[in-house]
Each structure stands twice: as C-alpha cells, then as structure tokens.
Amino acid sequence: MSKAASDQLRIGVVGCGNISHAYLHNAAMFGDVRPVACADLNPETARARAETFGIEAMSPDELIASPEVDLVLNLTIPAAHFAISMQALEAGKHVFTEKPLGTTVREGRKLVETARARGLLIGSAPDTFLGAAGRHARRMIESGAIGRPVTGTAFMMGRGMEHWHPDPAFYYQPGGGPVLDMGPYYLSMLVNLLGPVHRVQALSTSAHQERHLTAEGPLKGSRIPVGTPTSVSSLLEFASGTQITFVASWDVYRHSNRQIELHGTEGSLGLPDPDNFSGVVSLSDHGAPWQDLDTASLPFGALNWPLEAPDRGNYRMLGLADLARSLIEGRAPRASGDLALHVLEVMEAILTAGETGETVMIEPVDCQPRALGETEAEEPLEMTDLDASAAAAIRAMSEAGAPSLADLTPEAARIQYDQGYAGLQLPHEDVEEATVGTWEGLRVKIWRGHGAPRSGGRALLYLHGGGWVIGAIESHEQICRRIANRTRSVVVAPDYRLAPETHFPGGIEDCVKALSHLHERAGALGIDPTRIAVGGDSAGGNLAAVLALLARDGAAPPVAAQLLIYPNTDQAQDGESFRQFGEGHGLTTREMAWFRQHYLPTQEARQDWRAAPLLAPSLAGLAPAAVVLAGHDVLYSEGAAYAARLEAESRATVRCWPGQIHGFVSMSALIPEATEALDWICERWGSSSTDLSPN
C-alpha cells in the first residue's frame, strides 16, 4: 500500500531514555508511522535524541500541544504514565504507552474511558505477543495442534535487580515487584493465546526483608528495604476454562522451567521468553518428543538487537504501527487499551489475592487480540513503503534493460556504469576552483567551494563508491562539488586503484597515501590540518571508516570527522536487509557477492577488519561521525549496526531515510531526498566549529 508522508501518523515521543532508541530506530520499518518530535524533562537528552533521528526536540507540554503531532508515544517512568497519557488524550492525541497502562486499575480504566469518549485510540506495550513466536504459538493453538488447552505453567523467576541495577530500590516498593514489572509480558501473551482471565487465586511472600545491592555504583554495598512481595504463586482460570499456574519470583537462584508451557487434550506447546519477539516454539504431539521451530525466519523474528551484536528480536513499535494501521482499516488495535487494562486488572487481582488469601473474580471482557496472520505481518506491516521517487528510479533503470553487473566483466561493468550515472544526477554546481593533479602517481581532483577560506579552512577527503570495482572521481563529482559549496571547504577525491586489478588492501593503501599528501599540502591549500575529515559512500564509506580507524591507531594521519553514506561495514553478507532488499531495490545480493569476489577473493581478507570495520574490536576514540542510512538498502543492517556501535561510544549522529534505496544520494535528478540527505550531512559537518559534534 503506497502512502504519502502526509498520510502517516505523526509520532511525538515523551521520554527519551534508553528504550526510546529502539522505538525510534524501529520506526523506519513501518510505513504508517513517522516520528516528528521528542521531549524529555532533561532538554539536553531530548536534543541529543532528536539530533540522532532527525526530528524536533520540544518540551513535553509543547509536544503534547503541537498540531504537528497525531499520537503521543509515552515512554516515561510508570509513575508518570497516567498523567502524560491523560494530558495527551485531553489534547486530542492518540496514545501508545509503555507498560503498564497505569499503576492502578482505576487509572487504566479512566484512560480507556477517556479515549473512547473522545473518539481516540489508546494502546499499550507489551507488543511482543505480535512477534514471530507469539504468532506461531497462536496458530498452533487455533489449528488444534494441542487440542483444547486444559492447563499450563508460566514461570518468571530470577534473582532480582540488585546485582545489575545501580539503584533498584523502586523495584522493591509498592508499585514494583516481579508481578507488575514482568507480568505484562507473560499475561499479555497468555491472553493473546487463551482469551481473558476470570478468576484468580494466589499466595505471596518475600525471602528477605532487605536486599543487598552488589551492582557497581555509588550505592554498592547498601541495603534496600523490601516493601512488596518478591515471590508470588498464582492460579489463573481463564473464561475458556483453561487453568494456568503463574509464578513470578525474584528469590530464585537457578531453575530449569520453561517460561511458558500449555498442555491440551492432544499435546503440549512450549514458548520462549515472552519479553522477546522470537525464539524457539516447541510442539509435542500426544507425548512424542518435542519438535522445535526456531521462529527467526518468520517476519519480526530475526535477531536484530542490539544492533552491534544481535542476540534477540526487538521490534518495539510493532504494536504502535498496528494501531496506526487500525485507524486506516477501522478496527481495534491489537495491543489495545482494553487488553492492557485487563492485564492490569489481572495483576492487581494477583497481588490482592496473595495478600488476602481470597479468590478474586474478574468480569471477562472481549480483549483477546485479533490474530496477526503471516501474510499481514509480511506485507502491510513489515517495512516502510518505498519512496515514490525511489520506486520510479528503480522502474526507469529496469526499463532501460541493462544487464545486472553480476553478469558482466569488470571492464563491461565500468563502461555500463560510466554511460549511465550522468542521467541520474543534477547538473554540476559551479565552484570557486577545480583542479586535477597527481600525488605520487595517484590522480586526484580538488574542488574549492565558494566562500572557502584561503587559510585555516576545513577539507574533506572524499572516497567514491562503486563496490571497489567501478566508479571514479567523475562519477561522484556532483556530490563533491555540492559538499564543497555547502560547507565552504576544500574537497579532494583520489582515483584509488580498483579491483580485480588491485585486490584488498590496495585501495586502502591509496587512500592512506592520499590522506598523507593532503596533510603535507594543507598549507598550500589553505587548510588547517587538524580540520581534515574523511568521507565516502558505499564502498567509499567502507574505506573512510577504515581510514578513521587507522588514523586513531596512528597508522594514518589524523582525521577530525567521518562522513559515512550507507557504508559497507561487513563482508558476511547475511544481514536481515540482505533477505529483505536483496532483489528489486537496486543493488542486489548477487551484485554484492560479485563486488566482494573481485575485491576480497579470500576468506581471510573478508575477516580482516580493514575490509569489514564492523569487526574492529573497538570503536572507542574515533573521530565523530555523521552517518546516512537508506531504509530499503541491502547494506542497511550492517550500516545500522556500525552506526549503533559508534553511537554507543557517543561518536555518531545517524539519520535514516527509511523509504530510500542504496545509492540514492547519487540520484539527485530522480530522487529529491538525495539533495536533502547530502545537505543534512553538510550541515552536520559544516556548521560545527569542532568539525562534527556527535550529539
């Protein structure tokens, strides 16, 4: 379904803590939502997050009142959920909140009733039950794989927070505890699978009156008083008749219980941790050995988090994206306020039953989410719609009938590329001065932008893309001229040697040589040598990233900044984006394999961090970077992973153009966002007196 930007639900994020990064990063996956602003009680935190994702920083009150915001994503602490959500509803905004909906059933009910009265939607995390594991388990149950569910268990057990959290006192006071903290994940999954709960019994206790804080930090060694049960055993009877034992405890050193098991008249079903979107779902038919299905191959199942070393699926924003789609389709959202309110009521009933020893009855409500089918997960929700101009560019290139580069010799590929790139680009800008020279046998071209100072100026060594096999100074001259003018700088581009005539690391050696000569000639060019940056796109981004690493380690002259445009950072070619965008989005997986074979013919070379900077042991101490990503790029996953590692070191500002394809910055005649992206990276570098501020 193609949608214009004006049709997207405009999201304003209140609360810019750690979890906001996952939501904002994942927004690029969904075509119906578009973050436009963020706010935090700490304005600096909001500004940093806004800069990273290319959105506007506001105060919470400004954001909630803004006519540019359609939905408020409430990522504040639980104690503030009710106040922020109510303020947003009263301002006429839809709301999606992190769990829980409120701290009491009374708060949750008022939010749901207010939303309904005002004709607004309210939704709430968790949305993990919409992930690959939850969907597959739901299909198994609805297909009768285990017959009628009769009984089951759910175990959330561990040692609590004090061994890793530097200040976990609030977890052990009323409003905290294992039921309220982790219960939403387990109970939302169970309601998704079995329907609503209608009767609750429970026992509760605490192993210790105090907890000993062992996590590193200023409070290490202190004692934390316990004011809420830390072990709760409950029996839940669902309206369907299924009975589930749910144990939530922070008093367990070790156990061997599966997180969720369901047992029916025909078999048994095992589920992974409901705090994750994916994992192994196991089925036993009439007592046969478990048959395991790893759901990583299903939509919203691939391991994608943390970006720098994925070990789990994290698709936070999925529930909000479904809410946005529900507005279009005129249906209830799946991660709805009604579901969150019912889960909150069940948790409150568990704590009440545990305290009083009495059975608590709950009025069943129709809150079981409509199942999310695989086709619906694969198509309407999976990724942002392709930008219309990018789609037109792909069609134009396809209609031209040119063969894939992977079917050509390197010589023929260069001819084809050289004949085609000019038609994709706007006319070259006039610059103050353009010269061609040779530095120790290496051809270079130098552009002095209008207004560039004759002394103490900044310079950029720009390395062209082309998979280390094609491309040249001339193919990227339009980019270099615009950067020179927009940043009032000197831009230098070397014609580094290409493969297969020169394999790795020949191209890198040429780039080090060019950087060395640029430093030596800084005075003659009117450049301050402490203000020299490196940059490039695609394979050139790979070379620029490697140069920055070499400069940090003293193996190349120093650099002040990195400008990386959809960089190649890994040679494994197995990222999620290879599966999603390997065909039909411009650059293909076959062509990437062709480039790699010519530049890196050996496995040893492919595992060298100078070929795959994502493999570098550390990114600490690097020059700050501005990173441009394209959401429909076969290289997106590895570029995002590298950017995330840079962000973790506070060394990067990252912006993704979610509807764009690989190479879009070089297609300015066809894709308007090419100029926007290039101007953004110019602004990030050219407006800073320190050459690039990471945040």
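Please read all numbers here as calculations on a predicted model, not as lab measurements. (Residues numbered from 1 in each chain as written. Predicted model: local features only at pLDDT ≥ 70, side-chain atom pairs only at ≥ 80, totals over all residues. Heavy atoms only, no water.)

**Q** How would you summarise the overall build of the protein if you had to cite specific residues and measurements?
**A** Looking only at helices and strands, the protein features 21 helices and 25 strands. Taken over C-alpha atoms, the radius of gyration comes to 28 Å for the protein, in line with the 26 Å a tight globule of 695 residues would show. Along the first, second and third principal axes, the C-alpha set of the protein runs to 85 × 50 × 50 Å. Within the protein, the fraction of its 695 residues that count as buried is 60%. Nonlocal contacts in the protein, meaning residues at least 24 apart in sequence, comprise 74% of its contacts between residues at least 6 apart. Surface accessibility of the protein: about 26500 Å² in total, with carbon and sulfur atoms responsible for 51%. A gap of 2 Å separates the mean positions of the 54 positive and 83 negative side-chain charges of the protein. (Helix = DSSP H or I, 4+ residues; strand = E, 2+ residues; numbered from the N terminus. Rg over C-alpha atoms; globule rule 2.2 N^0.38 Å. Buried < 20%, exposed > 50% of the residue type's maximum accessible area, 1.4 Å probe, protein only. Contact = heavy atoms within 4.5 Å. Areas by Shrake-Rupley, 256 points an atom, 1.4 Å probe, with all protein chains shown as cover. Lys, Arg positive; Asp, Glu negative; His and termini not counted. Charge placed at Lys NZ, Arg CZ, Asp CG, Glu CD.)

**Q** An account of the packing of aromatic side chains is needed here, citing residue identities and associated values.
**A** Under the defined criterion, the tally for this structure stands at 14 aromatic pairs. Seen in terms of ring centroids, Tyr171 and Trp250 are 6.0 Å apart; in terms of plane orientation they differ by 85°. Their pairing is edge-to-face. Here the residue Tyr171 occupies a position in the loop between strand S7 (149-157) and helix H7 (177-194), and Trp250 occupies one in the loop between strand S12 (243-249) and strand S13 (260-264), the gap between them amounting to 79 residues. Residues Tyr171 and Trp250 agree in their burial class; the two are buried. Ring centres of Phe277 and Tyr315 lie 5.9 Å apart, and the angle between their planes is 80°; this geometry places the pair in the edge-to-face category. On the criterion of sequence distance, the pair formed by Phe277 in the loop between strand S14 (267-271) and strand S15 (280-285) and Tyr315 in the loop between strand S16 (291-294) and helix H8 (318-329) is long-range, its members being 38 residues apart. (Phe/Tyr/Trp six-rings, centres within 6.5 Å; stacked < 30°, edge-to-face > 60°.)

**Q** Before we move on, could you go through the packing of helix H5 (residues 105-117) against helix H9 (residues 337-356) and cite the residues and values that matter?
**A** It is the contact of H5 with H9, at a shortest axis distance of 9 Å, that shows an interaxial angle of 165°. In this view, H5 runs roughly antiparallel relative to H9, as classed from their interaxial angle. The way H5 lies across H9 gives a crossing that is left-handed. Residues Val105, Gly108, Arg109, Val112 and Arg116 of H5 touch H9, and the partners they reach there are Gly337, Asp338, Leu341, Leu344, Glu345 and Glu348. For the contact of H5 with H9, the per-class residue count stands at 4 nonpolar, 2 polar and 5 charged. (Axes fitted to C-alpha atoms, helices over the stretch in contact; angles between N-to-C directions. Parallel < 35°, antiparallel > 145°, perpendicular 65-115°, else oblique. Left-handed = near helix turned anticlockwise from the far one by under 90°. Nonpolar A, V, L, I, M, F, W, Y, C, P; charged D, E, K, R; others polar.)

**Q** Now, about the pairing of strand S5 (residues 94-97): what can you tell me, with residues and values included?
**A** Neither face of S5 is exposed, since His94 and Phe96 on one face and Val95 and Thr97 on the opposite face are all buried. Relative to S5, strand S4 (residues 71-74) is paired through 4 bridges, and the arrangement is parallel. Within S5, the residue paired with Leu71 across the bridge is His94. For the segment spanning S4, helix H4 (residues 78-90) and S5, crossover handedness is right-handed. Traced from S5 through H5 to strand S6 (residues 122-124), the parallel crossover comes out right-handed. (Pairing = 2+ DSSP bridges. Right-handed = clockwise from strand over helix to strand, strands pointing away.)

**Q** Could you give an account of the nonpolar core, with specific residues and numbers?
**A** Grouped together as the largest cluster of nonpolar side chains are 110 residues, with contacts concentrated most on Leu73 and Ile350. Per-element accounting of this core gives the leading share, 11 residues, to H7. Excluding residues that lie within four positions of it along the chain, Leu73 makes contacts with Ile11, Gly12, Val13, Val14, Tyr23, Phe96, Met317 and Leu320. One finds Leu463, Ile508, Ala643 and Leu646 within the second-largest nonpolar core, a separate group that totals 71 residues. (Core = buried A, V, L, I, M, F, W, Y, C linked by side-chain atoms within 4.5 Å.)

**Q** Quick rundown of helix H13 (residues 477-487)? Include the residues and the values.
**A** Among the 11 residues in H13, 10 count as buried, and that is most of the element. Here H13 has its buried residues at Glu477, Gln478, Ile479, Cys480, Arg481, Arg482, Ile483, Ala484, Asn485 and Thr487. On its buried face, H13 is in contact with strand S18 (433-439), strand S19 (442-448), strand S20 (457-463), strand S21 (490-494) and helix H21 (673-686). Positive backbone phi, approximately 50°, marks Arg488, located one or two places after H13.

**Q** Just give me the short version of the environment of Thr52, but keep the residues and values in it.
**A** Inspection of the secondary structure puts Thr52 in helix H2 (residues 43-53). Between the alpha carbons of Thr52 and Thr103 there is a distance of 31 Å; along the sequence they are 51 residues apart. Polar contacts involving the side chain of Thr52 include one to the main-chain carbonyl oxygen of Ala48, which spans 3.1 Å. (Polar contact = N/O pair within 3.5 Å; in protein donor to acceptor, adjacent residues only side chain to side chain.)

**Q** Break down the pairing of strand S22 (residues 527-537) for me, with residues and values.
**A** Among the 11 residues in S22, 8 count as buried, and that is most of the element. The pairing of S20 with S22 spans 6 bridges and is parallel. Note on S22: the bridge partner recorded for Leu463 is Gly536. For S22 and strand S23 (residues 561-565), the ladder comprises 5 bridges, and the chain directions are parallel. In the strand pairing of S23, Ala533 is matched with Ala561. In this region the chain leaves S22, passes through helix H16 (residues 539-552) and returns to the parallel neighbour S23; the handedness of that crossover is right-handed.

**Q** Give me the side chain of Gln571: which residues, what numbers.
**A** Along the chain, Gln571 falls in the loop between S23 and helix H17 (576-581). Of the polar contacts made by the side chain of Gln571, one reaches the backbone oxygen of Ala611; its length is 2.8 Å. Residues contacting Gln571, with those up to four places away along its chain left out, are Trp468, Asn542, Arg596, Leu600, Arg606, Ala611 and Ala612.

**Q** Tell me what's going on with the sheet that holds S13, and back it up with residues and numbers.
**A** On the basis of which strands lie adjacent, the open sheet formed by 9 strands has the order S16-S15-S14-S13-S7-S12-S11-S8-S17 and mixed pairing. Of all strands in the sheet, those bounded by a partner on one side alone are S16 and strand S17 (360-361). Here S7 runs beside S13; their pairing, made up of 5 bridges, is antiparallel. Bridge pairing in S13 places Pro149 opposite Gly264. Where helix H6 (residues 132-142) meets the sheet, its contacts fall on S7, S13, S14, S15 and S16, and the angle it forms with S14 comes to roughly 170°. On the sheet, H9 packs against strand S8 (197-205), strand S11 (231-238), S12 and S17 and is oriented at approximately 45° with respect to S8.

**Q** So what's going on with the state of the cysteines? Residues and values would help.
**A** Under the counting rule described, the total for this entry stands at 0 disulfides. Between Cys38, a free cysteine, and Cys16, which holds the nearest cysteine sulfur, the sulfur-to-sulfur gap is 3.9 Å. Cysteine Cys682 is unpaired, with the sulfur of Cys480 as its nearest cysteine sulfur at 10 Å. (Disulfide = S-S within 2.5 Å.)

**Q** Describe the sheet that holds strand S2 (residues 33-39), listing the residues and the values that go with them.
**A** In space, the 6 strands of this open sheet follow the order S3-S2-S1-S4-S5-S6, with parallel pairing throughout. The open sheet has two edge strands, strand S3 (56-58) and S6, and neither has a second partner. Direction aside, the axes of adjacent strands within the sheet are offset by 25° on average. In terms of strand pairing, strand S1 (residues 9-14) meets S4 through 4 bridges, oriented parallel. What sits directly across from Val14, in S4, is Asn74. Across the sheet, H8 is in contact with S1, S2, S4, S5 and S6; its angle to S5 comes to roughly 160°.

**Q** Tell me about the pattern of salt bridges, residues and numbers included.
**A** Counting across every chain of the model gives 41 salt bridges. The shortest N-O distance in the salt bridge between Glu44 and Arg47 comes to 2.1 Å. A residue pair is termed a helical-turn pair when its members lie 3 or 4 positions apart in one helix, as Glu44 and Arg47 do in helix H2 at 3 residues. For Arg47, a relative accessible area of 44% corresponds to the partly exposed category. (Salt bridge = Lys/Arg side-chain N within 4 Å of Asp/Glu carboxyl O.)

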